[in-house]
Each structure stands twice: as structure tokens, then as C-alpha cells.
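Structural characterization, general
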Amino acid sequence: MHATDVLSYAYLAVGVIVMFGPVLWLVASSFKTPAGLLEFPPTFLPYSQQTVEVPGYDEPLPLFEVTLEDGTTERLAQIRRVGLQAQMVDPDDPDERITVGLDQREAIRELRLATENYTVPLERFNFLTYLRNSVVVTVVATLITLVVNSMAAFALSKYKFRGRNAVFLLIIGTLMIPISVILVPVYLVITQVGWVNNLWGVIIPGAATPTGVFLLRQYMLTIPDQLLDAGRIDGASEWRLYWQIVLPLSAPAMAVLAIFSVMWRWNDFLWPLIVLTRSELFTLQVGLNAFQGELNVQWHYVLAMTVLTLLPITLVFAFLQRFITTGIASSGVKQ
Amino acid sequence: MNGASRTKLNELPGKIAFGAVAAVMTVLGWAIEPIQRLIGVRRMAWVFLLPNLAIFGVFILFPMAMNFYYAFTGGTQLYPQNRPFVGTQNFEQIYTCTNYLEPSSCREDLFWRAVFNSGTFVAFHVVGLVFFALVTALVLNAKIRFRGFFRSVYFYPVLLSPVVVALVWKWILQRNGLLNGILDAFGREPILFLLNSEWAMFWVIVVTIWANMGFHTLILLAGLQSIPAELYEAAQIDGSGPVLSFRHITLPLLMPNVIVVLVLALIRAVQMFDLVYVLTGGGPGSATLLMVQYIYEVGFASQIQRFGLAASASVTLGVVLLIATLLQLRLSRGSESHLA
């Protein structure tokens with residue numbers, strides 16, 4: 001019994017490292033200078049070599065601690081490297097050059113957060129615009145998804161009418177058809193409606209999700225019909241039965257669909273990538289992809305902007321994690 | 001003194017949200033309630049169905065039908081009236097091979113590479129994903145402390161967008177990255193993971209498992225927790241050890257959940273695109289090009305947009321997904337009858 005406990009905790013400890021480690025590594029790396037990022041082997045903390053401004057040189061020069069022939073040490077700045085030797089200069093006495101072997105010196109490093117990684121690229125990576133677009137798409141799409149799907153689920157679970165099973169089967173039949181299979185014709189529809197480069201073109205096509213209808217219908221079937229009959233006797237309209245009786249009672253299922261919808265929409269990539277070509281309409285995911293494509297080698301900016309992109313969802317998760325994990329778990333049991 | 005005002009403040013957002021919902025619903029009611037007087041209670045079902053069916057019809061059903069039209073027409077025009085009918089030419093294009101096991105012998109060799117890559121990817125991804133999700137769920141189901149915390153740890157990557165996940169790992173796998181740093185500490189030569197065909201596919205599989213396993217773990221964990229504890233107690237009284245209990249109680253009762261997870265993972269794996277697209281771009285060469293990316297490249301990303309080819313590849317993908325769905329129905333029915 002004891003051995004399995006130890007094994008369990010060992011597995012979980014490794015899990016924490018494997019699951020959180022990569023993101024932590026990203027966050028730590030995003031505070032390194034370009035020179036710090038090139039260091040190999042890499043360090044976790046954002047150490048970087050100290051540099052010093054020397055009169056007569058345009059760029060700041062890297063500082064080294066050099067052991068001289070007579071055994072004393074001195075702080076010198078490097079001008080250039082030539083083979084196994086380096087030309088160095090004393091920052092206080094910039095006219096005299098000293099040639100030093102590479103094995104006689106050691107880089108002087110300091111711990112410094114390169115916050116300019118975050119401030120500089122914001123001119124090109126329009127974080128606030130992308131964030132706004134992502135939030136608009138996620139919130140509006142989720143609201144529409146909830147209303148439209150709950151209405152359909154209400155009809156399919158609380159009325160008996162000819163064609164009900166046909167409609168239900170038609171919807172369920174497309175449960176597994178992703179938008180990636182019908183990309184070309186959906187794009188045609190979007191151009192006809194004039195929704196290319198329009199957030200509605202991202203929001204609407206995925207709003208009538210078969211998963212949502214299925215999930216809500218199954219839940220609403222468990223609500224007794226007598227409640228509705230009582231409401232009808234009291235003279236309530238069908239619309240009021242829907243939103244004042246059935247909707248509040250379906251809150252748990254609606255919450256699960258809301259979680260799913262937020263996750264789908266926030267992370268959606270392929271469809272926005274096709275619909276949106278103007279950068280002021282980009283969502284965070286599309287914007288980040290475009291940014292990393294443009295600046296393939298400028299990792300220090302890409303890393304910082306990746307951290308910005310994962311920040312909002314991480315904050316939401318930090319506050320709602322129990323709600324989210326139990327919600328999704330409950331959807332699995334009902335399958 | 002501030003107790004009362006604080007509760008009021010806490011309730012405020014909820015009250016506002018509720019008020020907003022009620023207001024919107026009431027206004028919508030002004031439009032919908034007169035219809036009920038017009039057509040009667042019975043036909044109101046169609047009114048409730050209408051918005052969903054409208055979106056569903058325009059953006060799912062109609063495109064599904066149109067997809068076939070595109071698959072049987074050629075040219076590079078998007079508008080249907082400008083597309084000449086070419087019969088089965090698009091399908092011939094992607095299905096003509098002298099040797100089906102050798103992608104380079106096919107006319108559309110990229111498509112076949114994508115098919116083979118997807119096959120390899122799906123097989124290893126699904127097996128690995130279900131295995132790790134199952135092990136993790138079993139560990140989390142044991143009597144451990146901080147279960148909620150650990151559950152969240154495994155779930156966290158699920159919330160990260162595929163683009164972010166891809167960049168996180170691209171950074172770790174690059175030449176000067178963390179992984180090569182670890183190899184260096186053991187005195188090994190650095191490896192260009194994403195520039196080597198086999199390594200690239202390996203890491204595509206690992207990273208997609210990393211990103212998705214938390215979701216499947218949750219579903220399996222919920223299944224495990226719904227198994228009544230009395231069953232295990234009874235088994236213990238009967239003298240069966242943990243291995244026997246697992247074999248005869250856990251496994252059969254968890255089977256429906258395992259099948260759900262298996263099929264969900266399968267369907268998602270067949271549709272995989274974004275994470276791999278950002279991580280490797282389908283490369284090196286076409287070593288990690290998957291089917292959806294092929295459709296995207298042929299239909300949208302390339303200079304000449306060959307919508308017909310993209311559509312016929314989509315039809316192929318649709319057939320694969322249909323088979324996967326039928327498999328699920330078959331399996332879930334089988335497991336239920338097995339339990340009964």
C-alpha cells in the first residue's frame with residue numbers, strides 16, 4: 001500500500017513539472033535579452049552579460065573579468081574576438097587595447113528582467129486590439145450559442161410534432177463534421193453574405209453547434225413536463241415557459257456548454273485565419289501566429305507576446321478552475 | 001457594519017446579469033408571443049427551432065451539399081457559376097498512384113503523404129493519449145491529497161490555445177532550447193528536433209498528447225468516481241487484491257467512458273491542424289503535413305487556389321470521420337449490451 005502511494009505522488013510530482021514546466025520556462029525566457037536567449041546551455045533565470053558604454057564605440061560592449069599575466073584581475077570590455085583571443089579595452093581608459101586569451105576571462109553576468117521585450121513589440125503586435133476582438137468573438141458567440149441551442153433543445157425535448165426525430169437525427173448526424181471538412185463552401189457563403197473580414201463571419205457559422213443541442217436536449221428531457229402544463233394553465237406563453245421555467249432549471253447544462261463554447265471560441269484558429277485578413281480584426285491567436293511568422297528569429301519578442309496571449313485564460317482558470325473541471329467532468333458522465 | 005453592504009456588493013453582478021437576461025428575453029417575447037397567438041401552441045416548436053436550423057442549414061447543411069459540387073468542378077474560381085464541370089477528375093487526381101504504399105508514385109504525392117502522416121499520427125496519438133489519460137485518472141482517483149490541485153495541473157494545458165502550445169514547445173525544442181540543454185548536461189550532442197523528419201513527428205505526437213490529455217483525464221476520472229465504493233469493499237471481503245479488483249470491477253465499469261474518450265480522441269486527431277501547423281508548419285519538407293493542413297494549403301494558402309482538389313480531399317476526410325462515428329455507435333452499443 002505504501003509503495004503505491006509513493007509511486008502515485010512521484011507520478012504526480014513529475015506531472016506538475018511536465019505540465020507546468022514548459023509554460024514556466026516560457027515565462028522565464030520571455031524576460032531574457034536576445035544575447036541571454038542565445039546562451040547555451042540555457043539558464044532558467046534571466047541572466048545576461050553586463051554591458052558597458054565605452055566612448056568611441058557605437059554599441060555597448062560586453063564586460064568580462066580578466067585575469068592578467070601578473071595575476072591581478074580587471075574588468076575589461078570586449079571589442080572583438082579573433083580566433084582564440086579577444087581584443088579588450090578598459091572602459092576607463094578606452095585608448096589602450098589589450099589582447100587576452102579566451103581562457104583568461106569570464107563573462108560578468110547580472111540578473112535583469114528585459115521588460116523591453118514586452119514594451120517594444122506592442123507597436124506591431126497590437127495586443128489590445130487582438131484582445132478586444134477575441135473577447136468580442138468569444139462573448140458574443142457564446143451568448144448566441146447558448147440562446148439558439150437552448151431554444152432548439154427546448155423544441156426537441158418539450159414538444160411532440162411531426163418531423164421531430166428527423167430534425168434531431170439530422171443535427172446529430174453532423175455532430176462529427178468539423179468546419180475543416182466544409183471549408184471551401186462555408187467560405188463561399190461568407191463571401192456571398194459579405195462577411196469576409198468581419199467578426200460576424202467568425203461568430204455565426206459555429207453558433208448552431210450539434211454538440212450544444214445534444215447536450216441541452218438530454219438535460220431538458222429530465223425536466224418534468226408537468227411543470228410546463230402548470231405554467232400553461234396559469235396562462236404563461238410558450239416563450240415564458242422557455243425562459244422562466246426550462247432555462248433556469250437547465251443552468252448546469254448551460255454552464256457546461258458555456259465553458260465549452262468559451263474554450264472553442266477563444267482557441268479557434270483555422271476559421272478566423274481564413275475569414276480575417278486585415279490585421280485590425282485579428283483575434284489573439286491569429287495575431288500571435290502572424291507575429292511569430294513575421295519575426296521568426298526575434299524570439300525575445302515572440303516569447304513575450306506569447307506570455308501576454310496566455311495570460312487572460314490563465315487568470316480566468318486560476319479563479320474558476322474548480323467550476324470548470326467539475327463542469328466538464330459532469331458532461332462526460334452523461335454521455 | 002460592513003457585513004450587509006458587502007453581501008449586497010457580491011450579489012450585484014448576479015443581479016445585473018439576471019436583470020439583463022430578463023430584459024432581453026422580455027423584449028424578444030414581444031416579437032415571439034404574437035406569433036403564438038397566430039399559429040397556436042403546437043407549431044411553436046418550429047419557431048424555437050428556426051434560429052438554430054437557419055444557421056445550421058446555411059453554414060453546415062448547404063456547405064455539405066456544395067462540397068460535392070466543388071469536388072466535381074474544376075478551375076480556380078470560387079463562385080460556382082464560373083466553375084466548369086470536370087466529372088471525377090479531382091478524385092482521379094488525388095487517387096492516381098502506381099503504388100499506393102509509396103506516396104512519391106502518386107500524381108498528387110502531397111495528398112498521400114498527408115494521408116500516411118495522418119495515419120501514423122492518429123495511431124500513436126490516440127494510443128498514447130488514452131494510455132496517459134487512463135493512468136493519470138487512476139492515480140488521481142486514489143486516496144491522494146490535493147486532488148483538486150493536481151486535477152487542475154493536468155487540465156491547464158487544455159485551456160491554452162494551440163498557437164500558444166506550439167510556440168511554448170517550439171521554444172523548448174529549438175537548437176539552444178531547454179531540451180538540448182538537458183542533453184548537453186548528459187554530455188550528448190544537441191539535436192535539431194524539428195528539422196529531422198522522425199523527431200518532428202515524434203514531438204508532434206508528444207505535444208498534442210500533452211495539450212489534450214487533461215480533458216480526457218477528467219472524463220475518465222468522473223467515470224471512476226461514479227463506480228460505487230461498495231463494489232470494492234465487497235471484493236476486498238471476498239479476498240480479491242487490487243489487481244483482481246481492477247480487472248473485474250474498474251475496467252468493465254469504466255469501459256463506456258474509455259470508449260467515449262477513445263472515439264473523441266480519434267475524431268479530434270483526424271481533424272488535427274492548428275497546433276501542428278504552428279509547431280512544424282508540416283515540415284521538415286512534408287514530414288508532418290496532416291490532412292486538414294493539406295486542404296488548407298491547396299484551397300487557401302497557395303497562390304493558385306485549387307478549391308476542387310481541396311473539396312475532394314474534404315470528402316475523403318468526411319468519409320473517414322463518418323466511419324469513425326459509425327464505429328463509435330457500434331462500440332458504445334456493444335459495450336452497453338456487454339454490461340447489461
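Parameters at a glance
- The residue numbers shown here count from 1 along each chain, following its written sequence.
- Labels are handed out in written order, letters beginning with A for the chains and numbers beginning with 1 for the ligands.
- The predicted origin of the model limits local features to residues at a pLDDT of at least 70 and limits the giving and counting of side-chain atom pairs to 80 or more, whereas totals for whole chains, interfaces and linings rest on all residues.
- For the purposes of this entry, the term helix denotes a DSSP run of H or I that reaches at least four residues, the term strand denotes a run of E that reaches at least two, and both are numbered from the N terminus.
- For the radius of gyration, the atom set is restricted to C-alpha positions; the globular benchmark scales as 2.2 Å times the number of residues to the power 0.38.
- Exposed residues have 12 or fewer other C-beta atoms within 10 Å of their own C-beta, buried residues have 20 or more, and residues in between are partly exposed; the C-beta atoms are placed from the backbone.
- When DSSP finds two or more bridges between a pair of strands, those strands are recorded as paired.
- We call two residues in contact if the C-beta atoms placed from their backbones are at most 7 Å apart.
- Gly falls in the polar group here, along with every residue not listed as nonpolar (Ala, Val, Leu, Ile, Met, Phe, Trp, Tyr, Cys, Pro) or charged (Asp, Glu, Lys, Arg).
- Throughout, an axis means a line fitted to C-alpha atoms (over the contacting stretch in the case of helices), and angles, computed between N-to-C directions, take values from 0 to 180 degrees.
- Angular relationships are summarised with four words: roughly parallel below 35 degrees, roughly antiparallel beyond 145, roughly perpendicular across 65 to 115, and oblique for the angles in between.
- Confidence per residue, as judged by the predictor, is encoded in pLDDT with a range of 0 to 100.
- Helix span is expected to be 1.5 Å times the residue number reduced by one.
- Here the bend at each residue means the angle between axes fitted to two seven-residue stretches, the one ending at that residue and the one beginning there.

Counting secondary structure elements, chain A contains 14 helices and eight strands. Compactness check: chain A gives a C-alpha radius of gyration of 30 Å against a globular reference of 20 Å for 335 residues, more than 25% above the reference. C-alpha extents for chain A along the principal axes are approximately 105 × 65 × 35 Å. When the 335 residues of chain A are sorted by exposure, 40% land in the buried category.

Before going further, it helps to spend a moment on the overall build of chain B. Counting secondary structure elements, chain B contains 13 helices and zero strands. In terms of overall dimensions, chain B is more spread out than a globule: its C-alpha atoms have a radius of gyration of 26 Å, far above the 20 Å expected for 340 residues. The buried share of chain B, taken over its 340 residues, is 39%.

Let us look at the pairing of strand 4 (residues 73-82) of chain A. Residues and elements named next belong to chain A. Where strand 3 (residues 61-67) and strand 4 come together, five bridges link them in antiparallel fashion. The residue bridging T67 from the neighbouring strand is T73, located in strand 4. What sits between strand 3 and strand 4 in their antiparallel hairpin is a turn of five residues, with G71 showing a positive phi close to 95°. As judged from the five bridges shared by strand 4 and strand 5 (residues 85-90), these two strands associate in the antiparallel manner. Paired with A77 across the two strands is V89, which belongs to strand 5.

A word on the pairing of strand 3 of chain A. All names here are of chain A. The pairing of strand 2 (residues 51-52) with strand 3 spans two bridges and is classified as antiparallel. Following the sheet pairing, V52 is matched in strand 3 by L61. Relative to strand 7 (residues 105-107), strand 3 is paired through three bridges, and the arrangement is antiparallel. Residue pairing across strands places F64 opposite A107, the latter belonging to strand 7.

Here we come to the interface of chain A and chain B. Each side of the interface is counted separately: chain A has 78 residues, and chain B has 82 residues. For the side of chain A that touches chain B, the element with the most residues is helix 14 (residues 299-333) of chain A, which contributes 16 residues. Of the residues in the side of chain A that touches chain B, the class split is 56 nonpolar, 19 polar and three charged.

We now examine unusual backbone geometry. Not every positive phi belongs to a glycine, and N197 of chain A is a case in point at roughly 55°. Structurally, N197 of chain A can be placed in the loop between helix 6 (183-193) and helix 7 (199-203). Classification of N197 of chain A as partly exposed rests on a count of 13 C-beta atoms within 10 Å. Even without a glycine there, the phi angle at F146 of chain B is positive, about 55°. Tracing the sequence through the fold places F146 of chain B in the loop between helix 4 (109-141) and helix 5 (147-159).

We now examine the packing of helix 1 (residues 2-29) of chain A against helix 6 (residues 162-173) of chain B. The contact between helix 1 of chain A and helix 6 of chain B brings their axes to 9 Å, and the two run at 75°. When the interaxial angle is binned, helix 1 of chain A and helix 6 of chain B end up roughly perpendicular. Packed against helix 1 of chain A, whose contacting residues are P22, V23, W25, L26 and S29 of chain A, the element helix 6 of chain B presents V168, W169, W171 and I172 of chain B at the interface. The class makeup of the residues in the contact of helix 1 of chain A with helix 6 of chain B is eight nonpolar, one polar and no charged.

We now examine the confidence of the model for chain B. All names here are of chain B. On average, residues of chain B score 85 in pLDDT, and 94% of them reach the 70 mark or higher. Low pLDDT, under 50, characterises residues 336-340; the stretch is placed with zero contacts to residues that sit more than four places away or in other chains. For this predicted complex, the interface confidence reaches an ipTM of 0.81, while the overall pTM sits at 0.83.

Residues and elements named next belong to chain A. Taking 1.5 Å as the rise per residue, helix 1 with 28 residues should run 40 Å; its terminal C-alpha atoms sit 39 Å apart, in good agreement. Its axis deflected by about 45° at G21, helix 1 carries its strongest bend there, up to four residues before the proline P22. Taken residue by residue, helix 1 has L12, M19, P22, L26 and S29 as its buried positions.

This part covers the confidence of the model for chain A. Mean pLDDT over chain A works out to 85, with 97% of the residues at or above the 70 mark. Of all secondary-structure elements in chain A, the lowest mean pLDDT belongs to strand 1 (residues 47-49) of chain A, at 75, while helix 7 of chain A reaches the highest, 94.

The topology assignment puts F59 of chain B in helix 2 (residues 44-71). On the basis of neighbour count, F59 of chain B is assigned to the buried category, with 22 C-beta atoms found within 10 Å. Each C-alpha atom of the pair F59 of chain B and I227 of chain B lies 41 Å from the other, and the pair is 168 residues apart in sequence. Residues within four places of F59 of chain B in sequence aside, it is in contact with V186, V189, I204 and P205 of chain A.

The next thing to look at is the environment of V263 of chain B. Residues and elements named next belong to chain B. If you trace the backbone, V263 turns up in helix 10 (residues 242-270). As a C-alpha pair, V263 and L327 span 64 residues in sequence and 8.2 Å in three-dimensional space. Dropping the residues within four chain positions of it, V263 is found in contact with A324, L327, Q328 and L331.

A few words now on the environment of Q85 of chain A. Residue and element names in this part refer to chain A. Position of Q85 relative to the elements: it lies in strand 5. A count of 14 C-beta atoms within 10 Å places Q85 in the partly exposed class. Dropping the residues within four chain positions of it, Q85 is found in contact with T99, V100, G101 and L102.

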